[in-house]
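Structural overview
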Amino acid sequence: CSPTTGSSLGATQSISGSCGGTDDDDVWYSFTAVATTHTVTVQGSNGYDAVVDVLSGACDGISISCTDATPANGVETAVVPGLTIGDVYYIRVYHFGAGDAGGDFTICVTHTVPAAPANDDCANAITLTSNLTCTNITGSSLGATSSITGSCPGTDDDDVWYQFNAVATTHNI
């Protein structure tokens, strides 16, 4: 992650929150979720004790993560699970104590890309057994990539592969 430099020097309170500390110098950032879990890291300088408040919906939306662990190394880390991919989330950063107290920090938002499933490519298709009754198996396309461009509707950017041996002239899938 390439951290972004930030500062709350001269900032004022924009909303009253419930994260703790004195939120009299908050500044705002936003990101669009590309995974269901993101990590927000704020590295304070000059004694800056960051409070990290992540909100959904809007700047005055629902707080889904409040973090202020008062770390000795000046790094505040908020792991935020349960996000909806494609939704915009807002991050409010402020100094825990009253006033600016240094005010300078860097902020970074990261996510972990899940490993591709074993059957991400056609060559590694999972073999299914044909039965007279349906036997459901659990599968996932989380972390999968595009293998070919198909003609079916939708976006084929996360396909997974299965195969079966035909035991009749007609099969239901």
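Presented here is a report on the structure given in the accompanying data block. In this text the structure is predicted, and so the values were computed from the model without any measurement.

**Focus: the packing of aromatic side chains**
Tallied over the full model, the rule gives three aromatic pairs. Aromatic pair Tyr48 and Phe105: ring centres 5.3 Å apart, planes at 25°, arrangement stacked. One end of the pair, Tyr48, is in the loop between strand S3 (38-44) and strand S4 (50-56); the other, Phe105, is in strand S8 (residues 104-111), with 57 residues separating them in the sequence. Each member of the pair, Tyr48 as well as Phe105, is classed as buried.

**Description of the pairing of S4**
Counting buried positions along S4 gives seven out of seven residues, so the element sits mostly inside the fold. Side chains Ala50, Val52, Val54 and Ser56 project from S4 onto one buried face, and the interleaved Val51, Asp53 and Leu55 project onto a second face that is buried too. Note that S4 and strand S7 (residues 88-95) share seven bridges and pair antiparallel. Bridge pairing in S7 links Asp53 to Arg92. The antiparallel pairing of S4 with strand S5 (residues 62-67) creates a hairpin that spans five residues between the two strands, and Gly57 there sits at a positive phi of about 90°.

**What to know about the pattern of salt bridges**
Side chains carrying opposite charge are able to pair once their charged atoms draw close together. This structure, assessed with the given rule, holds three salt bridges. Across the pair Asp23 and Arg92 runs a salt bridge whose closest N-O atoms are separated by 3.2 Å. Highlighted residues: Asp23 in the loop between strand S1 (4-7) and strand S2 (27-32) and Arg92 in strand S7, separated in sequence by 69 residues. Each member of the pair, Asp23 as well as Arg92, is classed as buried.

Rules behind the numbers
Residues numbered from 1 in each chain as written. Predicted model: local features only at pLDDT ≥ 70, side-chain atom pairs only at ≥ 80, totals over all residues. Heavy atoms only, no water. Phe/Tyr/Trp six-rings, centres within 6.5 Å; stacked < 30°, edge-to-face > 60°. Helix = DSSP H or I, 4+ residues; strand = E, 2+ residues; numbered from the N terminus. Buried < 20%, exposed > 50% of the residue type's maximum accessible area, 1.4 Å probe, protein only. Pairing = 2+ DSSP bridges. Salt bridge = Lys/Arg side-chain N within 4 Å of Asp/Glu carboxyl O.

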